[in-house]
Amino acid sequence: MSSADCGRLWGEALDDTLLTCEQLQAMVGLSRSGIYSMVRCGNLPEPMRIGRRSYWAKSSIKSAMLRIKERSMKSLGRRKVHL
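No experiment lies behind these values; they were computed from the predicted model shown. (Residues numbered from 1 in each chain as written. Predicted model: local features only at pLDDT ≥ 70, side-chain atom pairs only at ≥ 80, totals over all residues. Heavy atoms only, no water.)

Peer 1: Can you help me understand the overall build of the protein chain in this one?
Peer 2: Tallying secondary structure elements over the protein chain gives four helices and three strands in all. Moving toward the C terminus, one meets the helices and strands of the protein chain in the order α-β-α-α-β-β-α. Out of the 83 residues in the protein chain, the part that is buried amounts to 18%. Expressed as a percentage of contacts within the protein chain between residues at least 6 apart in sequence, the contacts between residues at least 24 apart total 47%. Counting only carbon and sulfur atoms, one obtains 56% of the accessible surface of the protein chain, whose full area is about 6,500 Å². (Helix = DSSP H or I, 4+ residues; strand = E, 2+ residues; numbered from the N terminus. Buried < 20%, exposed > 50% of the residue type's maximum accessible area, 1.4 Å probe, protein only. Contact = heavy atoms within 4.5 Å. Areas by Shrake-Rupley, 256 points an atom, 1.4 Å probe, with all protein chains shown as cover.)

Okay, here's the thing in structure tokens:
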């Protein structure tokens, strides 16, 4: 990892936004039950509980989405295309 990448990641960690379930729904385009289903499957991180509300760190959601994208790209790369 380059120093620029480390600096960017450090900056994101210092300025991490907490997302409510409603904000996360808008960001990923899933329903509430869809989000919690992805949490149970391990595709999204567990939320943080503050009082009675659940929050997700925006940086952890971005990381999870990148992992999902990488996995899907790898699986597409393994498929044989028949024309």
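Peer 1: Got a minute to help me understand the environment of L19 in this structure?
Peer 2: If you trace the backbone, L19 turns up in strand 1 (residues 18-19). In this structure, the C-alpha to C-alpha distance between L19 and S54, residues 35 residues apart in sequence, is 8.4 Å. L19 has contacts with L24, M27, S54, Y55, W56, K58 and I61, leaving out every residue within four places of it along the chain.

Peer 1: I tried to follow the pattern of salt bridges on my own but got confused; where do I start?
Peer 2: Any two side chains of opposite charge can pair if their charged atoms end up close together. All told, the structure shown has one salt bridge when counted by the stated rule. In this structure, the salt-bridge partner of R53 is E22, at a minimum N-O distance of 3.3 Å. On the criterion of sequence distance, the pair formed by R53 in strand 3 (residues 53-57) and E22 in helix 2 (residues 21-28) is long-range, its members being 31 residues apart. The class of R53 is partly exposed, set by a relative accessible area of 40%. A relative accessible area of 46% means that E22 is categorised as partly exposed. (Salt bridge = Lys/Arg side-chain N within 4 Å of Asp/Glu carboxyl O.)

Peer 1: Honestly, helix 3 (residues 32-41) in this entry has me stumped. Any pointers?
Peer 2: Note on helix geometry: an α-helix contains 3.6 residues per turn, so any two residues three or four positions apart are oriented the same way. Residues G34, I35 and V39 constitute the buried set of helix 3. End-on view of helix 3: buried residues confined to an arc of 145 degrees, all on one side of the axis. The outward face of helix 3, more than 90 degrees from its buried face, is lined by the exposed residues S33, R40 and C41. Elements in contact with the buried residues of helix 3: helix 2 and strand 3. Of the residues trailing helix 3, G42 is marked for its positive phi of about 90 degrees. (Arc of directions from axis to C-beta.)

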